[in-house]
Amino acid sequence: MSAADLKSTAVHGNGPEDQDPLETREWIEALEAVVRSGGEERGRFLLKQLEMQAQQLGIGGHVPPYSAYRNTIALHRQAAHPGDVALEERITAMMRWNALAMVARANKAYGELGGHIASYASAAEIFEIGFNHFFRGPQSPQGADLVYFQPHSSPGVYARAFLEGRLTAVELGNYRQEVGGQGLCSYPHPWLMPGFWQFPTGSMGIGPINAVYQARLMRYLDHRGLITAGDRHVWGVFGDGEMDEPESIGALTLAAREKLDNLTFVINCNLQRLDGPVRGNGQIIQELESLFTGAGWNVIKVLWGSDWDPLFAQDTGHALLRQLAATVDGEYQTLGANDGAYNQEHFFRLDPRVQKLVAHMSSAQIDALKRGGHDFRKLYAAFAAARDHGGQPTVILAKTKKGYGMGKAGESRNTSHQQKKLDIEALQDFRRRFDLPLSDEDLEKLNFLRPADDSEEMRYLRARREALGGSLPARRGAGDAVPIPPVDSYATFALQAGGKPMSTTMAAVRLLSNLLRDKVLGPRIVPIVADEARTFGMANLFRQIGIYSPMGQLYTPEDDSSMLSYKESREGQLLEEGITEAGALSSWVAAATAYSVHGITLLPFYIYYSMFGFQRVGDLIWAAADQRVRGFLIGATAGRTTLGGEGLQHQDGSSHIAAAMIPNCRAYDPAFACELAVIFDHGAHQMLERGEDVFYYLTVMNENYAQPSLPPGAEDSIIRGMYRYGHYDANVAAPTIRLMGSGAILREVIVAAELLAQEWQVSSEVWSVTSFSELAREAHDVERWNRLHPRQPRKQSFIEQCLEGSKAPIVAATDYVRAYPGMVASFVRAPFVMLGTDGFGRSDTRAALRRFFEVDRQHIAVAALRALADAGELNEDLVAEAIARYGLDTHSAAPWTR
Ligand SMILES: Cc1ncc(C[n+]2csc(CCOP(=O)(O)OP(=O)(O)O)c2C)c(N)n1
Ligand SMILES: [Mg+2]
């Protein structure tokens with residue numbers, strides 16, 4: 001029976017009965033003898049042969065995808081730690097103290113600030129082994145490694161930066177107090193500490209999936225000859241609780257499939273999350289081992305510290321191993337929360353063979369037995385093995401204790417995560433536990449510890465970082481500027497469309513294909529799709545630029561002879577991500593931040609079903625914004641009524657609301673290809689040439705209609721958010737209405753203007769609004785300025801300038817919820833009526849949907865007549881007449897209730 005089977009028997013109690021123990025013994029002894037005489041390789045070979053034989057006999061059982069509950073790296077294979085372990089322990093103890101003091105201070109002064117002590121307490125050795133031996137800094141010859149830090153362990157990263165002289169005591173003292181300046185943010189946020197943090201990880205799950213795609217983009221850029229990745233590595237330190245997030249595990253198979261051996265996850269398995277045990281009744285480490293093994297990763301378990309080695313050496317009958325395997329995590333936590341005597345009583349004494357192994361040890365010695373994730377030697381060997389492993393990504397599962405060293409105040413307690421203050425007794429215990437050179441006053445005042453610059457500790461610390469290429473984390477700000485070709489060199493078809501019918505999606509794709517041919521910008525473009533290239537008419541790109549695949553193409557595509565054949569290649573440019581919006585978005589983030597990670601500026605262009613963007617992966621976009629991405633998100637098949645038949649889950653009427661709430665997102669809903677080209681050109685200049693930290697969200701539609709040419713001089717207004725598209729005069733004395741529209745609904749607005757002039761003697765002005773959110777943003781700025789600057793000449797917002805000089809009512813209609821035009825409502829100095837698509841979408845024709853949501857030309861015309869009647873400009877009877885003539889449904893409940 002393998003140790004794994006023993007474990008499953010022990011844990012689940014349902015192993016097979018042994019019919020012939022003697023025979024079993026003989027087999028096991030035979031195997032042991034082979035390994036003794038022929039070595040491990042021979043042992044493994046024989047097992048493989050037996051396994052194949054068993055498969056052929058049809059008795060090949062399913063082998064559990066986890067190994068025994070022991071360290072993966074056997075003692076005799078363990079790489080030797082090359083540094084001074086005792087010194088590293090002393091330095092780490094200081095980091096522990098400074099991290100603790102930082103959180104405790106903030107909470108002593110202001111109880112409301114929060115912060116975490118226990119997570120870094122469990123991760124300190126993991127971080128430090130990385131910092132002292134593996135994480136390469138920016139001056140390293142091949143460039144810096146990329147490290148995703150567990151967010152709530154950030155006090156530990158600050159504590160190290162303090163000892164390295166990168167942060168001051170004042171800054172540490174202002175942990176979580178950022179508003180007055182000189183403060184440190186709670187979690188890694190490049191937006192708030194742009195020279196320091198590279199990757200935002202505060203929202204669980206985003207770090208892991210982003211890390212996978214970061215490693216993948218590094219390969220992609222290398223294969224395409226844009227960077228030399230060398231052996232740069234991506235490291236991610238994550239929590240065991242965090243692995244519950246679908247995003248954390250959603251991209252594991254991609255990493256294995258693409259053989260990303262430049263990627264290592266280190267999972268801090270402290271067996272706890274916020275509320276309590278991660279898997280009280282099971283074993284998170286074994287579960288994660290199965291998961292990662294199944295996904296194709298190399299798994300290294302670091303469970304037991306060096307002081308367990310002699311015990312395992314004596315454990316020839318595997319009694320100890322069996323008992324460890326049979327202990328569930330809830331029990332491990334209780335053992336962890338208690339002292340050596342308790343462990344003797346409740347663990348070692350349960351089996352006489354196990355008890356015998358520790359008979360010579362005192363309770364204090366038992367108490368001091370470390371878990372592997374707190375042992376520098378074990379961790380060093382695991383990190384080295386991970387770095388050197390080829391052909392697969394590696395996960396290190398490091399078993400630790402949450403709140404390690406916090407004693408009664410938080411070691412392995414269910415409340416550990418929330419512990420933010422320690423009483424004086426707990427601080428004294430901590431000082432004793434880690435042998436810290438702190439006076440009583442230091443304890444009382446929570447003074448930070450920094451040894452003299454020429455102390456052994458500081459010299460070691462500096463020397464290690466110097467050897468590894470400087471401090472980390474460090475975000476570089478600028479990439480290279482990429483010149484954007486003149487817009488008429490690639491977008492004339494849109495700027496001078498002259499009434500030619502096309503959809504704005506088609507226009508976007510054409511802009512992209514044209515730009516891909518530009519010698520300088522072309523190679524920097526990273527087109528990304530999530531299995532929707534055909535939907536958006538991009539199949540021509542398959543052949544034009546190739547689909548990236550590190551394996552090249554190992555087959556003849558079915559459509560080989562076609563112009564649009566499915567061409568995969570190692571140098572391919574298109575990232576075809578498959579059906580994973582979270583993955584595609586992570587890919588986009590990696591490309592959109594390449595300027596700050598690799599110093600190479602790219603133009604990522606992720607095109608997707610707009611409903612599956614902000615709504616589906618909005619939190620990833622929020623983190624992208626934090627990370628100062630630069631690139632285009634193209635929400636295609638946009639609008640609640642423009643995507644016709646697709647129905648409730650596909651039709652997007654809200655993404656512009658979410659987009660507007662992201663401060664550095666510039667969102668536009670252009671109606672026409674020429675508007676799109678102007679916005680695209682402006683955005684490309686802003687992001688790639690001027691290097692501004694903004695990104696663009698553009699909605700494009702799949703409805704074909706006649707595209708006008710660009711009105712002369714409209715560029716600036718298009719960027720600012722609105723321009724006057726036209727006016728429709730009935731006769732000189734006619735009442736006037738103003739109509740605003742965006743996206744595909746602008747066309748309904750235009751026809752409504754014609755109906756009003758022809759059928760109701762109403763004149764109108766039509767405004768094409770390219771972005772209600774940009775209009776609102778600027779107007780809020782102006783409003784604020786006016787509020788804070790009394791007695792100074794009043795400023796006027798752009799929307800006020802556009803609409804001044806008339807008191808005529810305004811009707812605004814879009815393919816989004818009313819809240820979208822509602823963004824500008826308080827800046828409109830005239831009656832303002834908003835039409836929109838609030839409610840659930842449903843499948844039908846565009847015309848039927850627009851009638852249903854009351855955004856079609858007739859409803860717009862009626863809304864205009866009503867607004868004029870309310871303003872006393874015409875008789876209400878006309879409204880009734882129009883409703884009757886157009887057959888509008890006055891009986892049904894509002895669409896948003898149906
Ligand atoms: C998406 C998301 N949900 C919830 C949280 C709140 N949260 C922060 S840390 C944490 C527990 C983390 O547990 P684990 O990953 O095991 O890390 P540990 O602190 O144990 O090392 C939770 C629930 C969050 N930050 N992000
Ligand atoms: Mg945990």
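Structure's up top.
This structure is a prediction, so every number in the text was calculated from the model and none was measured.

Draft legend 1. Geometry of the overall build of the protein. When you go through the protein residue by residue, the secondary structure sums to 36 helices and 20 strands. Going through the 898 residues of the protein one by one, you find that 58% of them count as buried. For the protein, long-range pairs separated by at least 24 residues make up 77% of all intrachain contacts whose partners lie at least 6 apart in sequence. Summed over all atoms, the accessible surface of the protein reaches about 35,800 Å², with 51% contributed by carbon and sulfur. Each charge class in the protein can be summarised by its mean position, and for the 88 positive and 106 negative side chains these summaries are 3 Å apart.

Draft legend 2. Local environment of the sheet that holds strand β14 (residues 695–699). The strand order across the open sheet formed by 6 strands is β10-β7-β11-β12-β14-β13, and the pairing between neighbours is parallel. Edge positions in the sheet fall to β10 (575–576) and β13 (665–668), since each has one partner strand and no second. When strand β7 (residues 525–529) meets strand β11 (residues 603–609), the two strands line up parallel, connected through 5 bridges. Among the inter-strand pairings, Pro527 is bridged to a residue of β11, identified as Phe605. On the sheet, helix α28 (residues 673–689) packs against β11, β12 (632–636), β13 and β14 and is oriented at approximately 165 degrees with respect to β14.

Draft legend 3. Inspection of the environment of Val278 at higher detail. Its place among the elements puts Val278 in the loop between β3 (263–269) and α10 (284–295). For the pair formed by Val278 and Met243, sequence separation is 35 residues and the distance between their alpha carbons is 9.6 Å. Once residues within four sequence positions are removed from consideration, Val278 is found in contact with Asp240, Gly241, Leu271, Gln272, Arg273 and Ile284.

Draft legend 4. Just the pairing of β7, in detail. Counting buried residues in β7 gives 5 out of 5 residues, a clear majority hidden from the surface. Judged from the 2 bridges that link them, β7 and β10 form a sheet pairing that is parallel. In the strand pairing of β10, Val529 is matched with Glu576.

Draft legend 5. View of the sheet that holds β3. Spatial strand order, β1-β2-β3-β5-β4: 5 strands in an open sheet with parallel pairing. Of all the strands in the sheet, the pair left with one neighbour each is β1 (146–148) and β4 (298–302). Taking each pair of neighbouring strands and ignoring which way they run, the sheet shows an average axis angle of 15 degrees. Most of the contacts of helix α7 (residues 206–223) go to strand β2 (residues 234–239), to which it runs at about 170 degrees, and overall it touches β1, β2 and β3.

Calculation criteria
Residues numbered from 1 in each chain as written. Chains lettered and ligands numbered in written order. Predicted model: local features only at pLDDT ≥ 70, side-chain atom pairs only at ≥ 80, totals over all residues. Heavy atoms only, no water. Helix = DSSP H or I, 4+ residues; strand = E, 2+ residues; numbered from the N terminus. Buried < 20%, exposed > 50% of the residue type's maximum accessible area, 1.4 Å probe, protein only. Contact = heavy atoms within 4.5 Å. Areas by Shrake-Rupley, 256 points an atom, 1.4 Å probe, with all protein chains shown as cover. Lys, Arg positive; Asp, Glu negative; His and termini not counted. Charge placed at Lys NZ, Arg CZ, Asp CG, Glu CD. Pairing = 2+ DSSP bridges. Axes fitted to C-alpha atoms, helices over the stretch in contact; angles between N-to-C directions.

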